[in-house]
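# Chain and residue survey
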Amino acid sequence: MSDDNDQYDDEEDIILSELNNEELVEQMHDDLYNGLKDEIFEGTNILLERGWGPDKVLAEALVEGMRIVGIDLRDGILFVPEVLMAANAMKSGMGILRPLLAETGAETIGKMVIGTVKGDIHDIGKNLVGMMMEGAGFEVIDLGINNPVENYLAALEEHKPDIIGMSALLTTTMPYMKVVIDTLKEQGLRDDYIVLVGGAPLNEEFGDAIGADAYCRDAAVAVEMAKSKIAEKRAAR
Ligand code: B1M
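The sections below set out a description of the structure shown in this document. (Residues numbered from 1 in each chain as written. Predicted model: local features only at pLDDT ≥ 70, side-chain atom pairs only at ≥ 80, totals over all residues. Heavy atoms only, no water.)

### Regarding the side chain of T183
Within the secondary structure layout, T183 lies in helix 8 (residues 176-186). On the basis of relative accessible area, T183 is assigned to the buried category, the value being 12%. In contact with T183, not counting residues within four places along its chain, are V149 and L153. (Helix = DSSP H or I, 4+ residues; strand = E, 2+ residues; numbered from the N terminus. Buried < 20%, exposed > 50% of the residue type's maximum accessible area, 1.4 Å probe, protein only. Contact = heavy atoms within 4.5 Å.)

Okay, structure coming up:
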């Protein structure tokens, strides 16, 4: 067997369960980078078995790994197909964490319709927000990706939520959030709902400028904001 093959065998021989937590998290960042779905699934389970909370696994192993992927995509080191594989790998870990995060919520404290806006197919952050909201006791109706304003309107009619959540990851799609808010205003519906927006390219100033109730930096902020805005609204009634 050649040296090259020996090296390959060494790489194949990593046994995730034999790594300590720090090594395992680092390995998971690499596995996420390389789009290794099964390894992410296994690593997620190992960390949970070792007593890590689902929120810690999510933040330290998955979200941090995805942040590294994002930097290399930006710098032209990774390309879309590789990033898609990384996103798929992340989803295999999220599939395990979703019910665990949801378990902590006792009763429904409000209802949210959430979707990624028209032209945008990024859904990892939105899904995280949905999971964390479910975990906090909200009922979440997920509209998926690429939603024109009609989808939001139909969902409001059907589900009568307290909150509309919109996600956008592209500078080219974030202005569409204003289209949705303006349509709500035109139809006299704006004040019936709390509108929360989020996504990496947004900021608080943008949220204010388009007339949202709040910009949410991350999923944890989304949960806190949802709770406080609902409490405010109920107190005002
Ligand atoms: Co895209 N992509 N992508 N991508 N992608 C970004 C966003 C980008 C910043 C990468 C880069 O250049 N560094 C860049 C946007 C640049 C810009 O607009 N200025 C970019 C680009 C350019 C593109 C394409 C145009 C690439 C191309 O085709 N040339 C293309 C666009 C397709 C389209 O949408 N029409 C594209 C495609 C893709 C993939 C399909 C390959 C894949 C998406 C897979 C999927 O989502 N299923 C992908 C990915 C994975 C990324 C990066 C690497 C990671 C995004 C992510 O999942 N982050 C991203 C780089 C980056 O952001 N670092 C990038 C992890 C996630 C947990 O964070 O989504 O920010 P985030 O969500 C957070 C908060 O923002 C907040 O809470 C979440 C959890 O804490 N939040 C909300 C989000 N939504 C919220 C909603 C709320 C509240 C809070 O409502 C209440």
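### What about the coordination of the cobalt atom of the ligand?
Ideal geometry at a metal gives 109.5 degrees between four tetrahedral donors and either 90 or 180 degrees between six octahedral ones. Of the protein atoms, H122 (NE2) alone serves as a donor to the cobalt atom of the ligand, at 2.2 Å. Structurally, H122 is set in the loop between strand 1 (110-116) and helix 6 (124-135). (Donors = N, O, S within 2.8 Å, 3.2 Å for Na, K, Ca; no water.)

### Let's talk about the pairing of strand 1
Buried residues dominate strand 1, accounting for six of its seven residues. For strand 1 and strand 2 (residues 138-142), the ladder comprises five bridges, and the chain directions are parallel. Counted as the bridge partner of V113 is I141 from strand 2. (Pairing = 2+ DSSP bridges.)

### Considerations on the nonpolar core
The biggest cluster of nonpolar side chains holds 30 residues, and the ones touching the most others in it are L47, L62, M66, M94 and L97. Every element with two or more residues in this core is listed here: helix 2 (21-33), helix 3 (37-49), helix 4 (54-74), helix 5 (80-103) and helix 6. A per-element tally of this core places helix 5 first, with nine residues. If we skip the residues at most four places from it in the chain, L47 touches N21, L24, V25, M28, W52, V57 and A61. Formed by 22 residues, the second largest nonpolar core is a distinct cluster that contains V149, M174, Y176 and F206. (Core = buried A, V, L, I, M, F, W, Y, C linked by side-chain atoms within 4.5 Å.)

### Notes on the side chain of D72
With respect to the helices and strands, D72 occurs in helix 4. Of the polar contacts made by the side chain of D72, one reaches the side chain of Y33; its length is 2.5 Å. If near-sequence neighbours (up to four positions away) are discounted, D72 is found in contact with Y33, I77 and L78. (Polar contact = N/O pair within 3.5 Å; in protein donor to acceptor, adjacent residues only side chain to side chain.)

### Observations regarding unusual backbone geometry
In this structure, N146 is a non-glycine residue whose phi angle is positive, near 55 degrees. Position of N146 among the secondary structure elements: in the loop between strand 2 and helix 7 (149-159). Taking the relative accessible area as the measure of exposure, N146 reaches 40% and is therefore partly exposed. A positive phi angle, close to 45 degrees, is found at K160, a residue other than glycine. Note that K160 resides in the loop between helix 7 and strand 3 (163-167). Residue class for K160 comes out exposed when judged on its relative accessible area of 57%.

### Concerning a nonpolar patch on the surface
A cluster of nonpolar side chains, L73, V80 and L84, forms an exposed patch at the surface whose accessible area comes to about 270 Å². On the secondary structure map, L84 appears in helix 5. (Patch = residues over 30% accessible without salt bridge, like charges linked within 9 Å, V, L, I, M, F, W, Y side chains within 5 Å. Areas by Shrake-Rupley, 256 points an atom, 1.4 Å probe, with all protein chains shown as cover. Salt bridge = Lys/Arg side-chain N within 4 Å of Asp/Glu carboxyl O.)

### Thoughts on the sheet that holds strand 1
Strand order in the open sheet formed by five strands is 2-1-3-4-5, with parallel pairing between adjacent strands. Since the sheet does not close on itself, it has two edges, and those belong to strand 2 and strand 5 (214-216), each with one partner. Along the sheet, successive strands turn relative to each other by an average axial angle of 25 degrees, direction set aside. Pairing geometry for strand 3 and strand 4 (residues 194-198), over five bridges, is parallel. Across the sheet, I164 pairs through a bridge with V195, a residue of strand 4. Contacts from helix 7 reach strand 1, strand 2 and strand 3 within the one sheet, and its direction differs from that of strand 1 by about 160 degrees. (Axes fitted to C-alpha atoms, helices over the stretch in contact; angles between N-to-C directions.)

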